Amino acid sequence: MLTFDLHYHTNIHQMPGMQRRFRLRTISRTLADSGLDFLASTEHSYKKPLDAYLYLADAAAGGHTRIIPGVETVTCEGIDLIFLFRDEEQMRLAGRDIVSFKRSVRDVKQIAQATGAISIIPHPFHICRSAAGNALSRRAYSQLLRSCDYVEIHNGSALTMDKRLSTSRTLPLFRKTADKLRRTIDLPMKDRGKGLGWAVGSDAHYPGEQFIVGRTDAPMLKGEHVHDFLKRRIRFQTHELLKPATDNSVNNYRLLRSLQSALKEGARKELIKARARAALVASAMVCSGLSSG
């Protein structure tokens, strides 16, 4: 059996040096305890994903877990997509193709072919606005499925909220939210497309929150690169690394921490979009001035 976490965030962007070193040591310890075989570094494209990969690879050096370089980018439609690369060099060369808000979901196949990347649709029906299945029409979502290598059938970030909501008396008021969480924890077969691999990711932003990862009994051939192995579109099953907390106070703390992280990431997205709009306006004004001149 091989175990893979195909969606993980080191979450150290703009973190002070001492705090960053502590976070990386904690990640190193949790990986050593988990026995995980492969971990994809998929930091957001607006949080220096190459740096995140290099830090994570260094933290895991000498241990059992091998790190796969990757990125979770956001399209011009505001939809999250994951790309995994063969090595650091391939990820560096792909930098211009994975800039936030630059490319459309219609470009995903072209990007993957140009960069040699493996493409994944993460959390298609999560409660976030960047979930492809929520943001796109049914037809557009089906087209996106046909363009990608994998769809994420389990995203561990929904587990804490699902646990907390299931014990709340307000559950009847959040039926739609609960339905999205269930579809994120176990994506229905009708939403998985045809011929795609099935990805499983913890989507952990903090050490100790890798609750569920993927497992497969498919053998890796002698000398086979992990990228070539994943190119086979493996259909991973879920494998429990850690049990989610049952204590409401622990889950409340984790939810508040996740909310804080989500708000910061949302603010960064809005800043990037505002700068992009300002650059377009400035460029248009320059062109207009040249034409009138």
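Calculation notes
- Residues numbered from 1 in each chain as written.
- Predicted model: local features only at pLDDT ≥ 70, side-chain atom pairs only at ≥ 80, totals over all residues.
- Heavy atoms only, no water.
- Pairing = 2+ DSSP bridges.
- Helix = DSSP H or I, 4+ residues; strand = E, 2+ residues; numbered from the N terminus.
- Axes fitted to C-alpha atoms, helices over the stretch in contact; angles between N-to-C directions.
- Contact = heavy atoms within 4.5 Å.
- Expected span 1.5 Å × (residues − 1).
- Buried < 20%, exposed > 50% of the residue type's maximum accessible area, 1.4 Å probe, protein only.
- Polar contact = N/O pair within 3.5 Å; in protein donor to acceptor, adjacent residues only side chain to side chain.

Caption draft 1: Spotlight on the sheet that holds strand β5 (residues 118-121). Strand order in the open sheet formed by nine strands is β7-β6-β5-β4-β3-β2-β1-β8-β9, and the pairing between neighbours is mixed. The outermost strands of the open sheet, each flanked by one partner alone, are β7 (197-201) and β9 (237-240). The average angle at which neighbouring strand axes cross in this sheet is 35°, direction not considered. The strands touched by helix α6 (residues 138-147) within the sheet are β4 (80-84), β5 and β6 (150-155), with β5 carrying the most contacts at an inclination of about 150°.

Caption draft 2: Inspection of helix α2 (residues 49-60) at higher detail. With twelve residues, α2 should cover 16 Å at 1.5 Å per step; its first-to-last C-alpha distance of 16 Å lies within 8% of that length. For α2, the set of buried residues is Pro49, Leu50, Ala52, Tyr53, Leu56, Ala59 and Ala60. Those residues of α2 that are buried are in contact with β1 (2-8), α1 (17-34), β2 (38-41), β3 (66-74) and α3 (88-93).

Caption draft 3: Structural detail: the pairing of β4. Counted residue by residue, β4 has five buried out of five residues, so it is predominantly covered. Here β4 shows two buried faces, one formed by Asp80, Ile82 and Leu84 and the other by Leu81 and Phe83. The pairing of β3 with β4 spans five bridges and is antiparallel. Opposite Val74, over in β4, you have Asp80 as the bridge partner. The turn linking β3 back onto β4 is made up of five residues, and Gly78 within it adopts a positive phi angle of 85°. Judged from the three bridges that link them, β4 and β5 form a sheet pairing that is antiparallel. Across the sheet, residue Ile82 finds its bridge partner in β5, namely Ile120.

Caption draft 4: The side chain of Ser45, seen in detail. If you trace the backbone, Ser45 turns up in the loop between β2 and α2. Looking at Ser45, its side chain comes within polar contact range of the side chain of Thr73, at 3.3 Å. Those residues in contact with Ser45 that lie beyond four places of it in its chain are Val71, Glu72, Thr73, Val74, Ile98 and Ser100.

Note that all results are geometric; they support no functional claim without further evidence.
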